[in-house]
Amino acid sequence: MAAGKSTTQGAFSCRHFCCLKEGEAMGRTRKFRSVKALEEAWEAFKADCDSQLVLTHDFSSKNSEFVSKDLKRSITYTIEGFCVFAGISRASFYEYYADDERYADTVTRMREECEVDARKKFELQMIPSQLAGLWMSNYGYSTKADTSFAGTIPVVISGDEMLED
């Protein structure tokens, strides 16, 4: 049976499944059938993130009135945002792409670009620094300093001088 054709067996529709084996659905077709298609979608997502139009309002003391203007703003890249942009679930993304050797390098690069983008926006103060711990914890960073020490430290006292209290 060709992929994309709709068949119904009982109350179960097989329209979205890529292949059937003895009447059972074997898996869904991938949204991105090649590494190149995934990379192109990622680049389109980043371009969309970098060119969000936001309507802002401000008071003009010169004209004594409120002025509205569309400003181009950037939003932070995330895998979750990409999944929404691409119309796939996060679970599907990780199942079909992150766990597939053919896509592994691209997915790794996507994750790294998300981290670099978030760090850049913190350093440029595009994201409030109060949110740093929340955002950067997604990438393995922590704001908590580990001050505990386990183990022993040998102490050697040398010299002939008498120690006084």
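Refer to the structure above for everything that follows.
Source: prediction; values computed, not measured.

The end-to-end C-alpha distance of helix H1 (residues 35–50) is 23 Å, a good match for the 22 Å that 16 residues give at a rise of 1.5 Å each. Among all positions in H1, only Leu-38, Ala-41, Trp-42, Phe-45, Lys-46 and Cys-49 are buried. The buried residues of H1 all sit within an arc of 140° when viewed along its axis, so they share a single face. Contact partners of the buried residues in H1: strand E5 (52–60), strand E6 (65–73), helix H2 (79–86), helix H3 (90–98) and helix H4 (104–123).

Before going further, it helps to examine H4. Residues separated by three or four positions in an α-helix point in the same direction, a consequence of the helix having 3.6 residues per turn. For H4, built from 20 residues, the straight-helix expectation of 28 Å at 1.5 Å per residue is met to within 8% by its first-to-last C-alpha distance of 29 Å. Turning to H4, its buried residues are Thr-106, Val-107, Met-110, Cys-114, Asp-117, Ala-118, Lys-121 and Phe-122. Angular distribution of buried residues about the axis of H4 spans 155°; they occupy a single face of the element. For H4, exposure combined with an orientation more than 90 degrees from the buried face picks out Asp-105, Val-116 and Glu-123.

To continue, consider the pairing of E5. As defined by bridge partners, E5 adjoins E6 across 9 bridges and the pair is classed as antiparallel. Within E6, the position partnered with His-57 by the bridge is Ser-68. Taken together, E5 and the strand that follows it, E6, pair antiparallel across an intervening segment of 4 residues, in which Ser-64 is found at a positive phi of about 55°.

The phi torsion at Ser-64 lies on the positive side, around 55°, for a residue other than glycine. Mapped onto the secondary structure, Ser-64 falls in the loop between E5 and E6. A positive phi is found at Gln-125, a non-glycine position, where the angle reads about 60°. Take Gln-125: it is sitting in the loop between H4 and helix H5 (132–136).

Running from N to C, H3 and H4 point in directions that differ by 135°, and their axes come no closer than 9 Å. As summarised for this structure, H3 and H4 are arranged oblique, according to the angle between their axes. The segment H3 lies against H4, with Phe-93, Tyr-94, Tyr-97 and Ala-98 engaging Ala-104, Val-107, Met-110 and Arg-111. Within the contact of H3 with H4, the residues separate by chemical class into 7 nonpolar, no polar and 1 charged.

A separate point is the pattern of salt bridges. Under the defined criterion, the tally for this structure stands at 11 salt bridges. Note that Arg-90 and Glu-80 form a salt bridge whose closest N and O atoms lie 3.1 Å from each other. Of this pair, Arg-90 sits in helix H3 while Glu-80 sits in helix H2, placing them 10 residues apart in sequence. Judged by its relative accessible area of 45%, Arg-90 falls in the partly exposed class. Taking the relative accessible area as the measure of exposure, Glu-80 reaches 37% and is therefore partly exposed. Here Asp-117 ties to Lys-121 by a salt bridge, and the two come within 3.0 Å at their closest N and O atoms. Of this pair, Asp-117 and Lys-121 both sit in helix H4, 4 residues apart, which is roughly one turn of the helix. For Asp-117, a relative accessible area of 3% puts it in the buried group. Take Lys-121: its relative accessible area is 3%, and that puts it in the buried class.

The rules behind the values
Residues numbered from 1 in each chain as written. Predicted model: local features only at pLDDT ≥ 70, side-chain atom pairs only at ≥ 80, totals over all residues. Heavy atoms only, no water. Helix = DSSP H or I, 4+ residues; strand = E, 2+ residues; numbered from the N terminus. Expected span 1.5 Å × (residues − 1). Buried < 20%, exposed > 50% of the residue type's maximum accessible area, 1.4 Å probe, protein only. Arc of directions from axis to C-beta. Contact = heavy atoms within 4.5 Å. Pairing = 2+ DSSP bridges. Axes fitted to C-alpha atoms, helices over the stretch in contact; angles between N-to-C directions. Parallel < 35°, antiparallel > 145°, perpendicular 65-115°, else oblique. Nonpolar A, V, L, I, M, F, W, Y, C, P; charged D, E, K, R; others polar. Salt bridge = Lys/Arg side-chain N within 4 Å of Asp/Glu carboxyl O.

Functional significance is not addressed by these values, which are geometric in nature.
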